[in-house]
Amino acid sequence: MAAKIGIIMGSISDLNVMNEAKTFLIEQGIDFEIEIVSAHRTPEKMLDYARNAANKGLKVIIAAAGGAAHLPGMVAASTILPVIGVPIKSSNSIDGWDSVLSILQMPGGVPVATVALNGAKNAAILAAQILATSDDAIATKLNQYKTDLIAKVAEMNSQLKNA
Ligand code: RP5
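The sections below set out a description of the structure shown in this document.

Rules of the game
- Residues numbered from 1 in each chain as written.
- Predicted model: local features only at pLDDT ≥ 70, side-chain atom pairs only at ≥ 80, totals over all residues.
- Heavy atoms only, no water.
- Near = heavy atom within 4 Å.
- Polar contact = N/O pair within 3.5 Å; in protein donor to acceptor, adjacent residues only side chain to side chain.
- Nonpolar A, V, L, I, M, F, W, Y, C, P; charged D, E, K, R; others polar.
- Helix = DSSP H or I, 4+ residues; strand = E, 2+ residues; numbered from the N terminus.
- Expected span 1.5 Å × (residues − 1).
- Buried < 20%, exposed > 50% of the residue type's maximum accessible area, 1.4 Å probe, protein only.
- Core = buried A, V, L, I, M, F, W, Y, C linked by side-chain atoms within 4.5 Å.
- Contact = heavy atoms within 4.5 Å.
- Axes fitted to C-alpha atoms, helices over the stretch in contact; angles between N-to-C directions.
- Left-handed = near helix turned anticlockwise from the far one by under 90°.
- Pairing = 2+ DSSP bridges.
- Right-handed = clockwise from strand over helix to strand, strands pointing away.
- Parallel < 35°, antiparallel > 145°, perpendicular 65-115°, else oblique.
- Patch = residues over 30% accessible without salt bridge, like charges linked within 9 Å, V, L, I, M, F, W, Y side chains within 5 Å.
- Areas by Shrake-Rupley, 256 points an atom, 1.4 Å probe, with all protein chains shown as cover.
- Salt bridge = Lys/Arg side-chain N within 4 Å of Asp/Glu carboxyl O.

### Notes on the site of the ligand
Part 1: The local shell around the ligand consists of G10, S11, S13, D14, R41, A65, G66, S90 and N92.
Part 2: In the model, an oxygen atom of the ligand is placed 2.8 Å from a nitrogen or oxygen of the R41 side chain.
Part 3: The residue inventory of the shell around the ligand, partitioned by class, reads 1 nonpolar, 6 polar and 2 charged.

### Some points on helix 6 (residues 136-162)
Part 1: An ideal rise of 1.5 Å per residue puts 39 Å on 27 residues; helix 6 measures up with 39 Å between its terminal C-alpha atoms.
Part 2: For helix 6, the set of buried residues is I138, A139, L142 and Y145.
Part 3: Structurally, the start of helix 6 carries an N-cap: the backbone nitrogen of A137 is 3.0 Å from a side-chain oxygen of D135.

### Comments concerning the nonpolar core
Part 1: Residues I5, I7, M18, F24, L25, I62 and V86 are the most contacted members of the largest nonpolar core, which totals 29 residues.
Part 2: Secondary-structure elements contributing two or more residues to this core are strand 1 (5-9), helix 1 (15-28), strand 3 (60-66), strand 4 (83-88), helix 5 (120-132) and helix 6.
Part 3: For this core, the element with the most residues is helix 5, which contributes 8 residues.
Part 4: Not counting residues within four places of it along the chain, the set of residues in contact with V86 comprises M18, I62, A63, A64, A65, I103, V115, N118, G119, A120 and A123.
Part 5: By size, the runner-up hydrophobic cluster in this structure holds 19 residues, among which are A53, A63, L71 and V83.

### Quick word on the packing of helix 1 against helix 5
Part 1: At a minimum axis distance of 7 Å, the contact between helix 1 and helix 5 shows a crossing angle of 35°. When the axes of helix 1 and helix 5 are compared, the crossing they make is right-handed. Contact residues: helix 1 offers V17, M18, E20, A21, F24 and L25, while helix 5 offers A120, K121, A124, I125 and A128.
Part 2: Class assignment of the residues belonging to the contact of helix 1 with helix 5 gives a composition of 9 nonpolar, no polar and 2 charged.

### Quick look at the pairing of strand 2 (residues 32-36)
Part 1: Two elements, strand 1 and strand 2, share 5 bridges in a ladder whose sense is parallel. Looking at the pairing, I5 lines up with F32 of strand 2.
Part 2: With respect to chirality, the unit in which strand 1 leads through helix 1 into the neighbouring parallel strand 2 is right-handed.

### What to know about the side chain of S38
Part 1: Here S38 lies in the loop between strand 2 and helix 2 (43-53).
Part 2: According to the relative accessible area criterion, S38 is buried, its value standing at 8%.
Part 3: Within the structure, S38 has its side chain in polar contact with the backbone nitrogen of R41 (distance 2.8 Å).
Part 4: Contact partners of S38, with chain neighbours within four places excluded, come to G10, P43, M46 and L71.

### Details of the packing of helix 5 against helix 6
Part 1: As a packed pair, helix 5 and helix 6 sit with axes 8 Å apart at the nearest point and diverge in direction by 135°. Judged on the interaxial angle alone, helix 6 and helix 5 are oblique. You can see that helix 5 and helix 6 cross each other, and the crossing is left-handed. Of the residues in helix 6, those touching helix 5 at K121, I125, A128, Q129, L131 and A132 are I138, A139, L142, Y145 and K146.
Part 2: Along the lines of polarity and charge, the residues of the contact of helix 5 with helix 6 split into 8 nonpolar, 1 polar and 2 charged.

### Re a nonpolar patch on the surface
Part 1: A cluster of nonpolar side chains, namely W97, L101 and L104, defines an oily patch on the protein surface of about 320 Å² accessible area.
Part 2: By the secondary structure assignment, L104 is in helix 4 (residues 97-104).

### Re the sheet that holds strand 2
Part 1: Reading across the sheet, the 5 strands line up as 2-1-3-4-5 and stay open at both edges, with parallel pairing between neighbours. A single partner strand is all that each edge strand has here, and the edge strands are strand 2 and strand 5 (113-114).
Part 2: Two strands pair when backbone bridges link them, and strand 3 and strand 4 are joined in this way by 6 bridges, in the parallel orientation. Bridged to G66 within strand 4 is I88.
Part 3: Set on the sheet, helix 1 makes contact with strand 1, strand 2, strand 3 and strand 4; between it and strand 1 the angle comes to about 170°.

This is the structure:
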């Protein structure tokens, strides 16, 4: 079956952060495709990717970029699929704020769901949550994930009390 989540990033240098999204989806057994697509270095490829994404079966796109981070916004401009933006603290980022604001401050009419700086894992969780609205198997996995979070905090509390 075709992947429903597409992960794109501007450079291989973003992969270190984006591996957290990959890891979450692999752990949950949720299919995804992954590709380097650069708004500035491969503008035609970016437009092709965004325009063909829905037709090939994608339901949500996670787009990561750093510095002058135009990839998520330009992809969002070219598809009606939900786009989750991951600002990366890259080598060309001054302090991370440039990446955050480039992705966050979209003009009216073209939303990008922006996660925290380097927030790749949350991007993957949010993408899975979007799929879970119409996929019971993924919903079951995410409910279990939430239950596991509760158990982890309970474990922290028992450590705290025994410290
Ligand atoms: C952005 O520029 C990429 O998404 C990356 O975060 C940053 C640096 O890219 P490289 O120069 O490392 O390829 O477009």
